[in-house]
Amino acid sequence: METSKVLKDMASELSKSMKPESLPLITAETSSAYVHKRNTKENKKPVLKKNSKSAAILKAGYTKEKRMFEITMMAAFVIMQLTIMTLVTYHFKKEYFGAFVMSLVFGALLADFMSGLVHWGADTWGTIDIPIIGQAFIRPFREHHVDPVAMTKHDFVETNGDNCMLSNIFLVPLLSCCYFYGEKWMLEHFALLVFAATFCIYVCLTNQIHKWSHMISGVPKWVKALQDAHIIMPRPHHHIHHISPHETYFCITGGWLNYPLEKIQFFQSLEYIIEALTGNKPRADDQKWLKG
């Protein structure tokens with residue numbers, strides 16, 4: 001891929017003037033080396049094994065009611081997203097091109113950041129016993145760590161249902177504004193429409209992208225091309241997150257923000273503050289399920 005060649009050239013040039021440990025995220029290998037160095041210093045070892053007992057218990061938590069909810073959310077997402085995309089296409093003008101491109105970029109970046117924030121929150125805090133959200137949202141994260149490849153066996157609905165629901169939270173108020181304020185409002189907020197459409201598409205596809213990153217075979221060629229170009233998260237990049245105790249590289253849409261967030265210790269700082277205020281240990285429940 002041409003993009004990969006450009007990125008490799010950038011890495012080569014940067015390496016001449018910068019120390020290896022300070023290189024920005026150019027490839028999965030660069031970021032992997034950084035995390036490996038940190039984990040070696042802290043005496044941490046990769047753990048990717050399956051805990052069959054915990055996996056069976058967590059898998060049983062996926063109910064018929066949950067599946068019907070997911071199907072409903074997916075249907076609503078398709079209708080609303082197609083409506084937004086139709087409005088964007090209809091109101092597009094040449095003078096909007098710059099705003100269009102910027103909205104695409106920032107929409108994708110926000111989706112990556114939000115995927116990391118949600119992923120971090122569900123991995124790090126709470127238990128499956130919390131009413132409503134425990135079984136519906138935290139359980140899949142616990143299942144994924146005790147059986148990382150289980151999600152590759154999930155069908156399209158189970159993989160993407162929850163993320164469609166999250167996208168709908170943003171689409172409903174946006175479409176309401178379009179309906180009540182009309183065409184003038186849409187023209188004045190064209191960049192917002194593009195931003196929201198891009199953000200919601202990436203949010204919706206985050207788990208599908210995540211699933212592809214765990215598939216050893218059967219990945220479509222066009223998906224592999226997107227992974228190689230780092231338009232979506234590459235498989236080697238996500239492997240870094242599955243180094244026990246799963247405390248880094250939470251962004252799973254494109255993974256673009258993982259390295260800078262890791263370098264500034266963003267999530268580690270949040271954990272320090274929350275633990276200091278509440279006394280709760282990060283990933284205590286997650287480690288319980290991993291140990292079985």
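Summarised in this report is the structure supplied together with it.

Cut-offs and rules
- Residues numbered from 1 in each chain as written.
- Predicted model: local features only at pLDDT ≥ 70, side-chain atom pairs only at ≥ 80, totals over all residues.
- Heavy atoms only, no water.
- Salt bridge = Lys/Arg side-chain N within 4 Å of Asp/Glu carboxyl O.
- Helix = DSSP H or I, 4+ residues; strand = E, 2+ residues; numbered from the N terminus.
- Buried < 20%, exposed > 50% of the residue type's maximum accessible area, 1.4 Å probe, protein only.
- Lys, Arg positive; Asp, Glu negative; His and termini not counted.
- Polar contact = N/O pair within 3.5 Å; in protein donor to acceptor, adjacent residues only side chain to side chain.
- Contact = heavy atoms within 4.5 Å.

**Some details on the pattern of salt bridges**
Link 1 in the chain: Counted according to the given criterion, the structure contains 10 salt bridges.
Link 2 in the chain: With a shortest N-O distance of 2.6 Å, lysine 66 and glutamate 70 are connected by a salt bridge. Here lysine 66 and its partner glutamate 70 are both found in helix H4 (residues 64-91), four residues apart, which amounts to about one turn of the helix. Across the pair, glutamate 70 and lysine 66 agree in class, each one buried.
Link 3 in the chain: Where lysine 281 meets glutamate 275, a salt bridge forms, and the shortest distance between an N and an O atom there is 2.9 Å.
Link 4 in the chain: Among the residues examined, lysine 281 registers a relative accessible area of 56% and is labelled exposed.
Link 5 in the chain: Here the residues in one salt-bridge network are Lys66, Glu70 and Asp162, joined through shared partners.

**Details of the side chain of glutamate 158**
Link 1 in the chain: Of note, glutamate 158 is situated in helix H7 (residues 156-188).
Link 2 in the chain: Here glutamate 158 sits buried without a salt bridge, and the closest side chain of opposite charge, arginine 139, lies 5.0 Å off (N-O distance).
Link 3 in the chain: Polar side-chain contacts of glutamate 158 include one of 3.4 Å to the side chain of histidine 154.
Link 4 in the chain: In this view, glutamate 158 contacts Tyr62, Arg67 and Glu70; residues no more than four positions away in its chain are not counted.

The values reported here are purely geometric and, on their own, carry no functional implication.
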